[in-house]
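Next come the chains, spelled out residue by residue.
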Amino acid sequence: MSSLCHTSAMLLVFMALAVAGAEQSEERSCDVVGDESSESQMERALLRKLEPLSHMRFNVTVEKGKTENYIYHFRVCREVNSTSHDFGGLVQTDRQNGKTTVIGRINETQVFNGSDWIMLIYKGGDSYGSHCSGEKRRAVIMISCKRGVTASSFSIISEEREKEQECFYLFEMDSSLACPAETSHLSVGSILLITFASLIAVYIIGGFLYQRLVVGAKGMEQFPHFAFWQDLGNLVADGCDFVCRSKPRNAPAAYRGVGDDQLGEESEERDDHLLPM
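Since the model is a prediction, treat every value here as computed from it, not as a measurement.

### Focus: the sheet that holds strand 7 (residues 152-160)
On the basis of which strands lie adjacent, the open sheet formed by 8 strands has the order 1-2-3-4-5-6-8-7 and mixed pairing. What marks the edges here is a single partner per strand, and that holds for strand 1 (58-64) and strand 7. Pairs of neighbouring strands in the sheet enclose a mean axial angle of 25°, with direction left out of account. By the bridge criterion, 5 bridges tie strand 2 (residues 68-74) to strand 3 (residues 88-94) in an arrangement that is antiparallel. Its bridge partner being in strand 3, Phe 74 is matched across the sheet by Leu 90. Its contacts with the sheet put helix 2 (residues 41-49) on strand 4 (100-113) and strand 5 (117-124), and the angle it makes with strand 4 is roughly 115°.

### A closer look at the nonpolar core
In summary, soluble globular proteins display a tendency toward joint burial of nonpolar side chains. By size, the foremost hydrophobic cluster in this structure holds 33 residues, and its most contacted members are Tyr 72, Phe 74, Leu 90, Tyr 122 and Ile 141. Within the residue set of this core, elements represented by two or more residues are helix 2, strand 1, strand 2, strand 4, strand 5, strand 6 (139-145) and strand 8 (168-175). Apart from residues no more than four positions distant in its own chain, Ile 141 is found in contact with Phe 74, Leu 90, Ile 118, Met 119, Leu 120, Tyr 122, Phe 171 and Met 173.

### Comments concerning the UniProt feature "transmembrane region" (unreviewed entry) in the protein chain
As recorded in UniProt, the feature "transmembrane region" (unreviewed entry) lies at residues 186-210. Between the C-alpha atoms that bound residues 186-210 the distance is 34 Å, and the span itself is 92% helix and 0% strand.

### Points about the packing of aromatic side chains
Under the definition given, this model contains 11 aromatic pairs. The interplanar angle of 45° and the centroid separation of 6.1 Å between the aromatic rings of Phe 74 and Tyr 122 together place this pair among those described as tilted. Of this pair, Phe 74 sits in strand 2 while Tyr 122 sits in strand 5, and the two are 48 residues apart along the sequence. Relative to Trp 229, the ring of Phe 228 has its centre 5.0 Å away and its plane inclined at 70°; by these criteria the two rings are edge-to-face. Of the aromatic side chains, those joined through ring pairs into one cluster are Phe 58, Tyr 70, Tyr 72, Phe 74, Tyr 122, Tyr 128, Phe 154, Tyr 169 and Phe 171. The aromatic ring of Tyr 128 is capped on one face by Arg 137, whose charged end is 4.7 Å from the ring centroid.

### Points about the pairing of strand 6
As judged from the 6 bridges shared by strand 5 and strand 6, these two strands associate in the antiparallel manner. Bridged to Ile 121 within strand 6 is Val 140. The pairing of strand 6 with strand 8 spans 7 bridges and is classified as parallel. Bridge pairing links Ala 139 to Tyr 169 in strand 8.

About the thresholds
Numbering of residues begins from 1 in every chain and follows the order in which that chain's sequence is written. Local features are withheld for residues below a pLDDT of 70 in this predicted model, meaning they are given only at 70 or higher, and side-chain atom pairs are given and counted only at 80 or more; totals for whole chains, interfaces and linings count all residues. Calculated side-chain values reflect all of the structure's heavy atoms, with hydrogen atoms and water omitted. Any two strands with at least two DSSP-identified bridges between them are counted as paired. Note on conventions: DSSP H or I runs of at least 4 residues are helices, E runs of at least 2 residues are strands, and numbering of each starts at the N terminus. To obtain each axis, a line is fitted to C-alpha atoms, and for helices this fit is confined to the stretch in contact; angles are then taken between N-to-C directions over 0 to 180 degrees. Throughout, a residue-residue contact means that at least one pair of heavy atoms, one from each residue, lies within 4.5 Å. Put simply, buried Ala, Val, Leu, Ile, Met, Phe, Trp, Tyr and Cys residues joined by side-chain atoms within 4.5 Å make one nonpolar core. Throughout, exposure labels follow a simple rule: accessible area from a 1.4 Å probe, protein chains only, divided by the maximum for the residue type, with under 20% read as buried, over 50% as exposed, and the rest as partly exposed. UniProt positions are given in the numbering used here, feature names are shortened, and annotations may be inferred rather than shown by experiment. A pair of aromatic rings is counted whenever rings of Phe, Tyr or Trp (Trp by its six-membered ring) have centres within 6.5 Å, and the orientation is called stacked for planes under 30 degrees apart, edge-to-face for over 60 and tilted otherwise. Two conditions define a charge located above a ring, namely a distance within 6 Å from the ring centre to NZ of Lys or CZ of Arg, and an angle within 35 degrees of the ring normal.

Now the structure itself:
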C-alpha cells in the first residue's frame, strides 16, 4: 500500500513539473494597446507578418565617454528575459554596474506601416526619473525594407529625452518582411503565350508517350495524330498554291519548246520544192 502511495505521489510531482515547464516554455507575445474588442485588425495583421522575427535576438552596444556604456537587447513580440516576467521587449543593460532598465514592454504595443517600412512601438517602460517629467520610457523601432535579408543592421539612432513629454528611444533595422509584395512584370500577351506553349508541350510529349508505350507506334507514327497533321499540311499547301499562284492554271506557256512535231512540219515545208512538177 505504501509503495502504491509513493508511486502516486511521484506521478503527481512529475505532472506538476511538466505543467510548470509547459507554462514557462510558452512565451508571451505582443498585446496591442487598447481593449481587445477595439484592437485594429491591421495591427494584428502586421504583427503576424513580423512573426518570423520573434525567434531572433538583437543586441547593440553604445558607449559615450566613460559615463554611458550600455547594451540594448531587443526581441520582436517576445520578452527579452522570460524568467523575469516583466514583459520587457527592449531592455537596456548598464555594462558598468549590470543594472537593467526596461525601455519598452510588449504588453503595450503599437504597430503601423507604410509602403516599404513597419514601425513597432513598445510603451510602458521604466520611468525616466528626472528626465521627461518622469514619464515612462518607450522604444520606437523602424523596420525598413531590404529584400533578401530576414533581419540585419539593428542599431540605435537617437534618444530623445530633452523634452518635457513624449520622449523616446529610436532604433532601426532592415528586413525583407517590411517590403511590399512583388508584382509580376509579365504582360497579358506574355502569359497567354507561355500558357499556349506549355499546352503544346504537354500535348506533344503526352501524345508521343501514349503512341509509343500504349499503341506501340514506331517512327513518325509516334507523333500524336500524325495522319491528321499530315492531311492538314497538304491542305494548307494546296490552299497556298491556289491563293498565291500568280497566273491562271489554263494560261498558255510563255514560250514554245522545240519538239519533233515542229521539226517535222518545218521539214515538210522545206521539202516541197523537191517534189516533181
